[in-house]
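Chains, contacts and geometry: an overview
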Amino acid sequence: MFTKLFSSFRYFNIFRNNAKQLMLVGLLSTICYRQKLNLQVNPNIKQYGDKLNRAFKRALQPEDDFYKNTIILSGNSNKELAEEIAEYLNIKLGSVTIGRFADGECQIQVLDNIRGKDVFIIQSTSPPVNDNLMELLLLVSALRRASARKIIVVVPYYGYARQDRKCAPRVPISAADVARLLETVGVDRLISVDLHCGQIQGFFGPRVPVDNLEANLVAQNYLSLQKKYEFKDVAIVSPDAGGVYRAKKFQEQFDLHHPGMQSHLAMIIKQREGPGKIASMNLVGQVKGKDCIIVDDIIDTAGTLSEAARVLKEQGANRVFAFATHALFSGKAFTHLSNPSLDQIIVTNTIPSKPQEEVLGDKICRLSVAPLLAEAIYRVQKKESVSTLFDIKH
């Protein structure tokens, strides 16, 4: 009896071991079969993934689609210039209300949806400087809080630019402080025209690029196309030592626009008693019998310009013209501009005109920088070069 039981148990163990082996073989066969399937399917999955990625990339809209993702807003400082820029770009200005509360505080509301948009704000910080600067800061703040993707400020005239260094103890560097304010509220880029000094670009951090456009291009086009005055022997004059680089650049462009003509460079060295007060002026260079073009970036009270014209006439200059980008025309400016030594004053519309200009008639020629700014805005948004805008080839 025990022998039969033992034999049955032995056969059961053999069967059990064989069953384990069969299960193991079956499991290995299944794994190999699945692996074979995977080896056959994986290339197809990869191909499908590549096709999907390509289809997805084709469906993406380009980030530099100008008219779809761009909004241009204007502050109160120079709406005429903003409308002219929008007209050149064939785009409608965005809707924004800018008013004042009863106590004089600035009230701003952007009426368009700007979430995810690239917004350009056109606002000069011209007189009244503090009001226009506060409008700009609050506009940027409102847009940043409304989730604009990028905020580019177009400041044709950068206020406080002349306070760019410590020229006396216990004074602020206001140009740098304005830059810090704009950075703090969230500006992504700044576009300006003829900054008073180049180092203002360095007052902004590397995350806020600054495009400093040159209005010389606008003036050169006018001087080469106008028929009222014929230039033969010309001297380009800097009204102070700090403007020599600006005058030198103007001279190079003038010669390119007038082939065969070699202009000369002169400089006036002035000594000041204080802001707006000139003690003396000395001329460096020859101007006798020449048509002189005084080149500067700002005409404020026009005291320097009027005195420089008088000195040039005394030194034998034939005619005296003046070109300045920013026409502030403060204080006694129109009295000084009526000086008969000045034949014509050429300015741009970075700052709105004043009614008193009509008294001087065509003695003041106002040129528009709207095409220049419109082209710069378009190139910035389309990620194209801005510097090539000023490449002059003849």
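The rules behind the values
Residues numbered from 1 in each chain as written. Predicted model: local features only at pLDDT ≥ 70, side-chain atom pairs only at ≥ 80, totals over all residues. Heavy atoms only, no water. UniProt positions renumbered as here; feature names shortened; annotations may be inferred. Helix = DSSP H or I, 4+ residues; strand = E, 2+ residues; numbered from the N terminus. Buried < 20%, exposed > 50% of the residue type's maximum accessible area, 1.4 Å probe, protein only. Areas by Shrake-Rupley, 256 points an atom, 1.4 Å probe, with all protein chains shown as cover. Pairing = 2+ DSSP bridges. Axes fitted to C-alpha atoms, helices over the stretch in contact; angles between N-to-C directions. Contact = heavy atoms within 4.5 Å. Salt bridge = Lys/Arg side-chain N within 4 Å of Asp/Glu carboxyl O. Parallel < 35°, antiparallel > 145°, perpendicular 65-115°, else oblique. Left-handed = near helix turned anticlockwise from the far one by under 90°. Nonpolar A, V, L, I, M, F, W, Y, C, P; charged D, E, K, R; others polar. Core = buried A, V, L, I, M, F, W, Y, C linked by side-chain atoms within 4.5 Å. 1 Å grid on protein atoms, 1.4 Å probe; cavity = no way out; pocket = protein on both sides within 12 Å on 5 of 7 lines; lining within 4 Å. Points joined across faces, edges and corners; volume = space filled by probe spheres on them. Expected span 1.5 Å × (residues − 1). Polar contact = N/O pair within 3.5 Å; in protein donor to acceptor, adjacent residues only side chain to side chain. Phe/Tyr/Trp six-rings, centres within 6.5 Å; stacked < 30°, edge-to-face > 60°.

Under an unreviewed UniProt entry, the name given to the protein is ribose-phosphate diphosphokinase, and the source organism is Paramecium pentaurelia. Taken from UniProt, the Cofactor (unreviewed entry) comment for the protein reads in full: "Mg(2+)". Its UniProt record gives the protein a comment under Pathway (unreviewed entry), which states: "Metabolic intermediate biosynthesis; 5-phospho-alpha-D-ribose 1-diphosphate biosynthesis; 5-phospho-alpha-D-ribose 1-diphosphate from D-ribose 5-phosphate (route I): step 1/1."

Okay, the overall build of the protein next. A tally of regular secondary structure across the protein gives 12 helices and 14 strands. Taking all 394 residues of the protein together, 44% fall into the buried category. When the accessible surface of the protein is summed, it comes to about 22100 Å², and 54% of that surface belongs to carbon and sulfur atoms.

This part is about the sheet that holds strand E6 (residues 189–193). Read from one edge to the other, the open sheet built from 5 strands follows the order E1-E4-E5-E6-E7, with strand pairing classed as parallel. Unpaired on one side and paired on the other, strand E1 (70–74) and strand E7 (210–213) mark the two borders of the sheet. Averaged over all adjacent pairs, the angle separating strand axes in this sheet is 15°, with direction ignored. In the packing of helix H4 (residues 129–145) onto the sheet, contacts are made with E1, strand E4 (118–122) and strand E5 (150–155), and the angle to E5 comes to roughly 165°. Seen against the sheet, helix H12 (residues 370–381) touches E1, E4, E5, E6 and E7 and runs at an angle of roughly 155° to E6.

Moving on, we get to the pattern of salt bridges. Side-chain pairs of opposite charge can arise whenever the charged atoms involved come near each other. Under the defined criterion, the tally for this structure stands at 16 salt bridges. For Asp297, the salt bridge goes to Arg246, with nearest N and O atoms at 3.9 Å. Of the two residues, Asp297 is situated in strand E11 (residues 291–299) and Arg246 in helix H8 (residues 244–257); the sequence distance between them amounts to 51 residues. By the burial criterion, Asp297 is buried, and Arg246 matches it.

Between helix H3 (residues 79–89) and H12, whose axes approach to 9 Å, the crossing angle comes to 55°. In terms of orientation, H3 and H12 fall into the oblique class. Crossing handedness for the pair H3 and H12: right-handed. Of the residues in H12, those touching H3 at Leu81, Glu84, Ile85, Tyr88 and Leu89 are Ala370, Pro371, Leu373, Ala374, Ile377 and Tyr378. Class assignment for the residues of the contact of H3 with H12 results in 10 nonpolar, no polar and 1 charged.

In this section: the nonpolar core. The tendency in soluble globular proteins is for nonpolar side chains to be buried as a group. One finds Ile85, Leu213, Phe231, Phe250, Ile293 and Leu373 to be the most contacted residues of the largest nonpolar core, which totals 46 residues. Counting residues per element, this core draws most heavily on H12, at 7 residues. Residues in contact with Leu213, not counting those within four places in the same chain, are Ile191, Ser192, Val193, Asp194, Leu372, Leu373, Ala376, Val386 and Phe390.

Taken as a whole, the second largest pocket spans an internal volume of roughly 300 Å³. Taken together, 14 residues make up the lining of the second largest pocket; nearest its centre are Asp194, Leu195, Asn212, Tyr245 and Arg246. Among the elements that line the lining of the second largest pocket, the one with the most residues is H8, at 3 residues. Its residues assigned to classes, the lining of the second largest pocket comprises 3 nonpolar, 7 polar and 4 charged.

Right, let's talk about H4 for a bit. Counted at 1.5 Å a residue, the expected span for H4 with its 17 residues is 24 Å, and the 24 Å between its end C-alpha atoms agrees. Among all positions of H4, only Asn132, Leu133, Glu135, Leu136, Leu137, Leu139, Val140, Ser141 and Leu143 are buried. On the buried face of H4, the contacting elements are E1, strand E2 (96–100), strand E3 (106–110), E4, E5 and helix H5 (174–185). Within two residues after H4, Ser147 carries a phi angle of roughly 70°, on the positive side.

Glancing now at the side chain of Gln226. Residue placement: Gln226 occurs in the loop between helix H7 (216–225) and strand E8 (234–238). Separated by 3.0 Å, the side chain of Gln226 and the backbone nitrogen of Lys228 make a polar contact.

Another aspect to go through is the packing of aromatic side chains. Enumeration over the complete set of coordinates arrives at 6 aromatic pairs. On the numbers, 5.4 Å between centres and 70° between planes, the contact of Phe231 with Phe321 is edge-to-face. Of this pair, Phe231 sits in the loop between H7 and E8 while Phe321 sits in strand E12 (residues 319–327); the two residues are 90 residues apart in sequence, bridging distant segments of the chain. Following the ring pairs from residue to residue traces out a cluster consisting of Tyr229, Phe231, Phe254 and Phe321.

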